[in-house]
Amino acid sequence: MDLPNLRWWGWGALDQSYDLSNRPGFWPFMQAHLGVEPGPLAEPVPLDSITLPPPRLASRAELLRGLRKKFGATVVHTGHEARILHAYGKSYKDLVRLRRGEVTHPPDAVVFPESEEVAALIAWAAEHDVALVPFGGGSSVTSGVEPHGVKPTLTIDLSRLNQVVRVDVVSQTVTAQAGMLGPALERAVNARGFSLGHFPESFEFSALGGWIATRSAGQTSVGYGKIEKMVEAVRVVTPVGIVETKLVPASASGPSLLELMVGSEGAFGIITQATLRLHRKPEVSDYRGVMFRRFEDGVAAVRQIAQGGADVVMARLADASETAASLALNRAPHSPLAGKLAEIGMRALRAQGYDLGGKSCLMILGIEGKRAHVAHNLRAAMGICRRHGGFDLGRSVGNAWLRERFALPYLRDIFLGRGLMADAVEAATTWDNLAQLYTALTDALRRAIQASGVQPYVMTHVGHSYPDGASLCSTFLGKQISGREIEQWGAVKRAATEAILATGGTLSHHHGVGADHAAWLEREHGPLGVEALRALKATFDPQGIMNPGILLIRDA
Ligand SMILES: Cc1cc2nc3c(=O)[nH]c(=O)nc-3n(C[C@H](O)[C@H](O)[C@H](O)COP(=O)(O)OP(=O)(O)OC[C@H]3O[C@@H](n4cnc5c(N)ncnc54)[C@H](O)[C@@H]3O)c2cc1C
């Protein structure tokens, strides 16, 4: 297998990174809030220095030979790079271990099925009691693609299942194979005048099957919904047969089998194909910044917008800490005149009581659709914002956000290289409980980081909003405790999860369960709920070969 242009120890493509060269506020901010200075970035260990445990299948050489014979040598890979590249997802914990060269449970082999070979592969695995880990883009942040079981394990990389099967322009749906990455799928439907409307921050390196398997949410989910709202049908190959749900817009034929598969995280079977609802490509879009004096004012505006006030695709509200951090990431003005204008703008804001870098909170408001629709809803949304003290910063702020909407994950690699812990936790709750969840979560994060002996920086945004509630996503930073990075992170993650559950938030709004949240699943669904999920697992996967340890812990 060729090592592609992938940063195996971090995010994205090797030839891309987060450009800090023209952001004069960044390092002073880091220095003031985290005590981190600019300097050389620590390098990860070289890939070829990593020692892997011998593949467990190697002791059963005839099995591996049989697998190769059945599926072909180009489909079955046991090389060093392939095993490392599929050992982890892309969470902070994963990247810390990769950078150290600590790869203790890689898959024994990686298989790249090209067609309905998936069914034959699962049958082969069931016959030989080999575990399977489905792998889409590998961007899991919940240890969802890390092999956890004791059985020999194959990772099934679905990247060769990458074709559009059909665009139905009458019903406005696309049927595609599950391994298609975001950009390829979006380009294919754009060519027919449509858009998916699904843009998670990991869009460039995550796949259709992974989105469905994790119940993911895109940045414009306020307008287009989470993936579960988009998916109309799936085909899932399980160890005991194929589940193919009907292509219908809605159904009352008992509980929804489709809904059971959305969020199944590879524990029931492998999604090979899915049909998604499409949206007409917007004629125009308007993204802009709106500044609020206080977080509560912005939250009130987001709620009113979500409860029918205006039809927007995004109303992402940063709290004061996240607003200050995003201001620190601003690029230097491109000319002295632009600098002067920015300065005048800042002064005007301050004069009107906006405490930038202190209390004020930035909303990115996005509206898409036909020209008249955008104009009408912009008026409505801005009317609401103004009533809550929102100041229109204009489209340049929104366009700057759009330009960098997929770039921030690259900044995490710089943080790790400068010895910083950097991760995000997310949850959702009803509007009446949002303030309590915000306080409990951010306090828990700060306290847990402080308890590790370092200065915390915690910043949060309201990301996805609904008429009845919203999600919160908190990013947390703090200096790493050298040699104890994973333990330090684990304590912070536990404190945050406990705070979320104690305050009535959901265990995850869009990252899923994986192995990292599995221990808390009973607190979310109750013992009977988890028992029902176990019964489903036993039906679809009686031998427990599908992604052991993911979603349900007792099957590992
Ligand atoms: C920097 C960064 C930003 C992120 N931003 C977002 C965001 O904005 N919104 C969001 O929702 N998530 C986000 N995530 C999390 C992650 O990208 C999502 O969970 C995404 O949906 C995973 O897709 P994937 O194709 O990479 O799946 P993978 O990581 O490959 O797999 C995720 C899980 O699904 C299973 N799986 C994958 N494909 C299949 C299949 N075909 N059949 C059955 N099971 C399968 C895997 O076994 C695993 O358990 C982010 C992650 C990172 C690292």
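For the structure itself, look to the data block above.
Residues numbered from 1 in each chain as written. Predicted model: local features only at pLDDT ≥ 70, side-chain atom pairs only at ≥ 80, totals over all residues. Heavy atoms only, no water.

Trainee: What should I look at first to understand the overall build of the chain in this one?
Mentor: A tally of helices and strands in the chain yields 19 helices and 18 strands. With the C-alpha coordinates aligned to their principal axes, the bounding extent of the chain is approximately 75 × 55 × 45 Å. When the 556 residues of the chain are sorted by exposure, 56% land in the buried category. Long-range contacts, defined as pairs at least 24 residues apart, comprise 77% of the intrachain contacts of the chain with a sequence gap of at least 6. Between the averaged position of the 57 positive side-chain charges in the chain and that of its 54 negative side-chain charges there is a distance of 4 Å. (Helix = DSSP H or I, 4+ residues; strand = E, 2+ residues; numbered from the N terminus. Buried < 20%, exposed > 50% of the residue type's maximum accessible area, 1.4 Å probe, protein only. Contact = heavy atoms within 4.5 Å. Lys, Arg positive; Asp, Glu negative; His and termini not counted. Charge placed at Lys NZ, Arg CZ, Asp CG, Glu CD.)

Trainee: Looking at this structure, I do not really get the pairing of strand β5 (residues 164–168). What am I missing?
Mentor: Successive side chains on a regular strand alternate, one facing one side of the sheet and the next facing the other. Relative to strand β6 (residues 173–177), β5 is paired through four bridges, and the arrangement is antiparallel. When the sheet's bridge partners are listed, arginine 166 is paired in β6 with threonine 175. Connecting the antiparallel pair β5 and β6 is a turn made up of four residues, with glutamine 172 showing a positive phi of about 60°. (Pairing = 2+ DSSP bridges.)

Trainee: Whenever I open this one, the site of the ligand confuses me. Can you help?
Mentor: Of all residues adjacent to the ligand, which total 37 residues, the nearest are Pro134, Gly136, Ser139, Ser140 and Ser202. Take glycine 138: an N or O atom from its main chain is 2.9 Å from an oxygen atom of the ligand. A distance of 2.8 Å is found between a nitrogen atom of the ligand and a backbone nitrogen or oxygen belonging to alanine 217. Taking 960 Å² as the accessible area of the ligand by itself, protein coverage stands at 96%. Counting only elements with at least two residues in the shell around the ligand, the list comes to β3 (131–135), α7 (208–214), β10 (270–277) and α16 (408–417). For the shell around the ligand, the leading source of residues is α7, giving five residues. Taken together, the residues of the shell around the ligand break down into 16 nonpolar, 17 polar and four charged. (Near = heavy atom within 4 Å. Polar contact = N/O pair within 3.5 Å; in protein donor to acceptor, adjacent residues only side chain to side chain. Areas by Shrake-Rupley, 256 points an atom, 1.4 Å probe, with all protein chains shown as cover. Nonpolar A, V, L, I, M, F, W, Y, C, P; charged D, E, K, R; others polar.)

Trainee: Explain the nonpolar core to me, please; I cannot follow it from the model alone.
Mentor: Soluble globular proteins: nonpolar side chains tend toward being buried together. The biggest cluster of nonpolar side chains holds 61 residues, and the ones touching the most others in it are Leu317, Met363, Leu365, Val462 and Phe476. Element by element, the count of residues in this core is highest for helix α17 (residues 434–451), at seven residues. Not counting residues within four places of it along the chain, the set of residues in contact with phenylalanine 476 comprises Met421, Ala422, Asp423, Ala424, Val425, Leu445, Ile449, Tyr457, Val458, Trp489 and Val492. Listed in part, the 54 residues of the second largest apolar core include Leu196, Ile212, Ala213 and Met291. (Core = buried A, V, L, I, M, F, W, Y, C linked by side-chain atoms within 4.5 Å.)

Trainee: Hey, could you run me through the sheet that holds strand β2 (residues 109–111) in this one?
Mentor: Hydrogen bonds between backbone atoms are what pair the strands of a sheet, whose relative direction is either parallel or antiparallel. Strands sit in the order β1-β2-β4-β3 across an open sheet of four strands; the sheet is mixed. Each end of this open sheet is capped by a strand with a single partner; those strands are β1 (76–77) and β3. Of the strand pairs in this sheet, β3 and strand β4 (residues 153–157) are connected by five bridges, and their pairing is parallel. Across the sheet, valine 133 pairs through a bridge with threonine 155, a residue of β4. Strands β2, β3 and β4 of the sheet are contacted by helix α5 (residues 117–128), whose axis makes an angle of about 175° with β4. (Axes fitted to C-alpha atoms, helices over the stretch in contact; angles between N-to-C directions.)

Trainee: Explanation requested: the pattern of salt bridges in the structure shown.
Mentor: One side chain can pair with another of opposite charge once the charged atoms of both are near each other. As enumerated under the stated definition, the model contains 26 salt bridges in all. Of the charged contacts, one joins glutamate 146 and arginine 97 as a salt bridge, the two residues approaching to 2.9 Å between their closest N and O atoms. Linking glutamate 146 in the loop between β3 and β4 with arginine 97 in helix α4 (residues 92–100), this pair joins segments that are 49 residues apart in sequence. Judged by its relative accessible area of 7%, glutamate 146 is buried. For arginine 97, a relative accessible area of 10% gives the class buried. Sharing partners across several salt bridges, the network here consists of Asp19, Arg23, Arg331 and Glu404. (Salt bridge = Lys/Arg side-chain N within 4 Å of Asp/Glu carboxyl O.)

Trainee: Would you mind going over the packing of aromatic side chains with me for this structure?
Mentor: The description of an aromatic ring pair rests on the distance of the ring centres and on the angle between the ring planes. Throughout the structure, instances matching the rule amount to 11 aromatic pairs. Summarising the aromatic geometry, the rings of phenylalanine 26 and tryptophan 27 are spaced 4.9 Å apart at their centres and angled 75° between planes, so their arrangement reads as edge-to-face. Judged by its relative accessible area of 3%, phenylalanine 26 falls in the buried class. Centroid distance phenylalanine 295 to tyrosine 438: 4.6 Å. Interplanar angle 35°. Geometry classified as tilted. Here the residue phenylalanine 295 occupies a position in helix α11 (residues 295–309), and tyrosine 438 occupies one in helix α17, the gap between them amounting to 143 residues. (Phe/Tyr/Trp six-rings, centres within 6.5 Å; stacked < 30°, edge-to-face > 60°.)

Trainee: Just to check I follow, could you spell out the sheet that holds β10 for this structure?
Mentor: Read across the sheet, five strands follow the order β5-β6-β10-β8-β9 without closing on themselves; strand pairing throughout is antiparallel. Of all strands in the sheet, those bounded by a partner on one side alone are β5 and β9 (241–244). For this sheet, the mean inter-axis angle between neighbouring strands, taken without regard to orientation, is 5°. Relative to β9, strand β8 (residues 231–238) runs antiparallel, the two being bridged by four bridges. Looking at β9, one finds that threonine 238 is bridged to glycine 241. Contacts between α5 and the sheet are confined to β8 and β10, with β8 contributing the most and set at about 40° to the helix.

Trainee: Help me understand α4 in this model?
Mentor: Since one α-helical turn is 3.6 residues long, residues separated by three or four positions face the same way. Of all nine residues making up α4, eight are buried, and the element is well covered by its neighbours. Packing partners of the buried residues in α4 comprise α3 (80–85), α16, β16 (420–430) and α18 (485–502). After α4 finishes, the residue glycine 101 shows a positive phi value of roughly 80°.

Trainee: Looking at this model, I keep getting lost on the packing of helix α2 (residues 61–71) against α5. Mind explaining?
Mentor: Packed helix pairs are specified by the crossing angle of their axes together with the interaxial distance, meaning the distance between the axes. Packing of α2 against α5 brings their axes to within 11 Å, and their N-to-C directions diverge by 165°. With respect to α5, the element α2 is oriented roughly antiparallel. The two elements α2 and α5 cross, and the hand of that crossing is right-handed. Contacts from Leu63, Leu67, Lys70 and Phe71 of α2 reach α5 at Glu117, Ala120, Leu121, Trp124 and His128. Class assignment of the residues belonging to the contact of α2 with α5 gives a composition of six nonpolar, one polar and two charged. (Parallel < 35°, antiparallel > 145°, perpendicular 65-115°, else oblique. Left-handed = near helix turned anticlockwise from the far one by under 90°.)

The values are spatial; any link to function lies outside them.
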